[in-house]
Amino acid sequence: MLEAEGVAEGLAERLARAAHRSFVSFQREAAADGGSSRSWDTQLSERVVRRAWLAGAWVETRSGDQSELSALFGQDYQTARSRLEPLARGADPLFTAVGSSWTLVNVEAAFDYGSRHVTQLDLGALEETLQRVLGEVDPALEMPPSERWLAGVEAGCNCSRRI
Amino acid sequence: VQLFSSDLKKALATTVALAGGRGEGIRVGGGSLSDWAAGIVAQLLRRANADAEGQLWASLDDVLPLLAEAAPNQFLDQVSAGLNGEDPVLRRMFTDDASAGFTVASPHTALLWALETLAWSGDHVGLVTKSLARLVEIDPGGKLANRPIESLTAIFLPQVPQTSVGIDRRLAILDVLRRDHGAVAWQVMIRLLPGHSWVGTYAAAPRFRDWKPDGQTVSRAEYLALISALVE
């Protein structure tokens, strides 16, 4: 419908996703290019929120994620979580939490707000996290190629690998 | 079992890709966010090249296209380093040979997607073709249809080139390919001629860069000019 009214495809898709969340999200997404200030701007000026934004997504039942986020946040995960929880609720949430999975509602829009507040200390902490997480060698690679599928079975189908 | 979730890993790589793609004008401390992203990618892939078994490269498979977008120059430098020598570390990325048994996944496909993403950029397509040509040379073959020769051919497809550069640049790049990787260039040119049925999918595209043009079309004249040049 939006595309029929002349709204570009990408923007129409973004607006439709926002409308699916709430009317307020739709209004703020539509006004974003016009410089309207969302609550995200204020929220991301706070260190723990900003570092959660930099992490982007995680699974809180995964012990590696929790310990790494504690290091990145500079505080115990449960303490940080109690601060982040309200940001996953309301009319225009920054995060969405489904079960144990947390993720940003809109990575690109969040970048526009978060990048205004990011500090050198944030980047230093994030760099350490990045090198540990992305630098982790998949233990399945220690197995012969013909047996690697078993690693997925043993992990309860950690279906992250693709053809 | 991996210590960290795939969600965290991909999200962190997305942050680096956004910093690299959109952070050029954002200053933090002494440099830009793009500079910071470039440093991260260079350091990580240097570590990957230092691992002779290629396990770190293979472990990065689900984020390679994002790392390529984050820092194209550093990514291509490290791919080039990983393709050096008689037994290049990136040969370990091909794991879909007959001995793979039940397994049909192979991390080389992610490397191809990363290079296909960069091929859309006029600034990077030249180096991408060199890397793909080298990958064609070291490809041991395997069960998957997704091979370096397909990615390389797609860049030059007369009807639907998987790059943003025009016919003159594409022909110039093919000339370089003929000079430096003659056998590979020959395979590509044969595949581009009419009558050769090309089976494949559209190449991977960038998420945060504007390298891929909207509604790219090839005129009949341009199509015929490319075919004529290939025949000559």
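Residues numbered from 1 in each chain as written. Chains lettered and ligands numbered in written order. Predicted model: local features only at pLDDT ≥ 70, side-chain atom pairs only at ≥ 80, totals over all residues. Heavy atoms only, no water.

## Thoughts on the overall build of chain A
So, point 1. A count of helices and strands for chain A gives nine helices and three strands.
So, point 2. Counting from the amino terminus, chain A carries its helices and strands in the arrangement α-α-α-α-β-α-α-β-β-α-α-α.
So, point 3. Looking at the 163 residues of chain A, the share that counts as buried comes to 40%.
So, point 4. Residue pairs at least 24 apart in sequence account for 56% of intrachain contacts in chain A once pairs closer than 6 positions are excluded.
So, point 5. Looking at chain A as shown, the accessible area adds up to about 8100 Å², and 53% of this sits on carbon and sulfur atoms. (Helix = DSSP H or I, 4+ residues; strand = E, 2+ residues; numbered from the N terminus. Buried < 20%, exposed > 50% of the residue type's maximum accessible area, 1.4 Å probe, protein only. Contact = heavy atoms within 4.5 Å. Areas by Shrake-Rupley, 256 points an atom, 1.4 Å probe, with all protein chains shown as cover.)

## Considerations on the pairing of strand S3 (residues 101-104) of chain A
Residue and element names in this part refer to chain A.
So, point 1. Residues of S3 alternate between two faces, with Trp102 and Leu104 buried on one and Ser101 and Thr103 left unburied on the opposite face.
So, point 2. As paired strands, strand S1 (residues 57-59) and S3 are joined by three bridges and run antiparallel to one another. Directly across from Val59, in S3, lies its bridge partner Ser101.
So, point 3. In terms of strand pairing, strand S2 (residues 95-98) meets S3 through four bridges, oriented antiparallel. Directly across from Val98, in S3, lies its bridge partner Ser101.
So, point 4. In this structure, the hairpin formed by S2 and S3 is closed by a connection of two residues, where Gly99 is found at a positive phi of approximately 60°. (Pairing = 2+ DSSP bridges.)

## Some thoughts on the packing of helix H5 (residues 63-73) of chain A against helix H8 (residues 120-134) of chain A
All names here are of chain A.
So, point 1. Relative to each other, H5 and H8 sit at 160°, their axes nearing to 9 Å. By the angle between their axes, H5 is roughly antiparallel relative to H8. Between H5 and H8 lies a crossing whose hand is right-handed. Between H5 and H8, the residues in contact are Glu68, Ala71 and Leu72 and Ala125, Leu126, Thr129, Arg132 and Val133, respectively.
So, point 2. Of the residues contributing to the contact of H5 with H8, the split by class is five nonpolar, one polar and two charged. (Axes fitted to C-alpha atoms, helices over the stretch in contact; angles between N-to-C directions. Parallel < 35°, antiparallel > 145°, perpendicular 65-115°, else oblique. Left-handed = near helix turned anticlockwise from the far one by under 90°. Nonpolar A, V, L, I, M, F, W, Y, C, P; charged D, E, K, R; others polar.)

## Notes on H5 of chain A
So, point 1. All buried positions along H5 of chain A are accounted for by Gly64, Asp65, Glu68, Leu69, Leu72 and Phe73 of chain A. The buried residues of H5 of chain A occupy an angular sector of 150° when projected down its axis, which confines them to one face.
So, point 2. Contact partners of the buried residues in H5 of chain A: helix H4 (47-55), S1, helix H6 (77-84) and H8 of chain A together with helix H1 (6-22) of chain B.
So, point 3. Following H5 of chain A by one or two positions, Gly74 of chain A has its phi on the positive side, about 75°. (Arc of directions from axis to C-beta.)

## Structural notes on the sheet that holds S2 of chain A
Residue and element names in this part refer to chain A.
So, point 1. In space, the three strands of this open sheet follow the order S1-S3-S2, with antiparallel pairing throughout. What marks the edges here is a single partner per strand, and that holds for S1 and S2. Across the sheet, the axes of successive neighbouring strands diverge by a mean angle of 10°, strand direction being ignored.

## With respect to the interface of chain A and chain B
So, point 1. Contact with chain A, which involves 46 residues of that partner, is made by 50 residues of chain B.
So, point 2. Taken together, the two surfaces of chain A and chain B that pack against each other cover about 4500 Å², and 63% of this comes from carbon and sulfur.
So, point 3. Glu108 of chain A is the partner of Arg22 of chain B in a salt bridge, and the nearest nitrogen-oxygen pair spans 2.6 Å.
So, point 4. Scanning the region where chain A abuts chain B turns up ten residue pairs in polar contact (both at pLDDT 80 or more).
So, point 5. Elements represented by at least two residues in the side of chain A that touches chain B include exactly H4, S1, H5, helix H7 (107-114) and H8 of chain A. (Buried area = accessible area lost by both parts, 1.4 Å probe. Salt bridge = Lys/Arg side-chain N within 4 Å of Asp/Glu carboxyl O. Polar contact = N/O pair within 3.5 Å; in protein donor to acceptor, adjacent residues only side chain to side chain.)

## Some thoughts on the confidence of the model for chain A
So, point 1. Here chain A averages 84 in pLDDT, and 79% of its residues register 70 or above.
So, point 2. Every residue in residues 156-163 of chain A scores below 50 in pLDDT, and together they form 22 contacts with partners more than four places removed in sequence or on other chains. (pLDDT = per-residue confidence, 0-100.)

## Observations concerning the pattern of salt bridges
Residue and element names in this part refer to chain B.
So, point 1. Scanning the entire structure with this criterion turns up 18 salt bridges over all chains.
So, point 2. A salt bridge links Lys9 to Asp62; its shortest N-O distance comes to 3.3 Å. In this pair, Lys9 is assigned in helix H1 and Asp62 in the loop between helix H3 (55-59) and helix H4 (64-70), connecting sequence segments 53 residues apart.
So, point 3. Its relative accessible area of 5% is what places Lys9 among the buried residues.
So, point 4. A salt bridge links Asp175 to Arg178, with the nearest nitrogen and oxygen atoms 3.1 Å apart. With Asp175 and Arg178 both in helix H9 (residues 167-180) and three residues apart, this pair spans about one turn of that helix.
So, point 5. Taking relative accessible area as the criterion, Asp175 reaches 43% and is therefore assigned partly exposed.

## Thoughts on the packing of aromatic side chains
Residue and element names in this part refer to chain A.
So, point 1. Applying the stated rule across the entire model yields seven aromatic pairs over all chains.
So, point 2. Aromatic pair Trp58 and Phe73: ring centres 6.3 Å apart, planes at 75°, arrangement edge-to-face. Within this pair, whereas Trp58 is found in strand S1, its partner Phe73 is found in helix H5, the two being separated by 15 residues in sequence. Accessibility assignment for this pair places Trp58 and Phe73 in one class, buried.
So, point 3. Note on Trp58 and Phe95: the rings are 5.9 Å apart at their centroids and 65° apart in plane angle, and the pair reads as edge-to-face. Placement of the pair is Trp58 in strand S1 and Phe95 in strand S2, with a sequence separation of 37 residues. Like Phe95, Trp58 is buried.
So, point 4. Through pairs of rings, three or more aromatic residues link up here, namely Trp58, Phe73, Phe95 and Trp102. (Phe/Tyr/Trp six-rings, centres within 6.5 Å; stacked < 30°, edge-to-face > 60°.)

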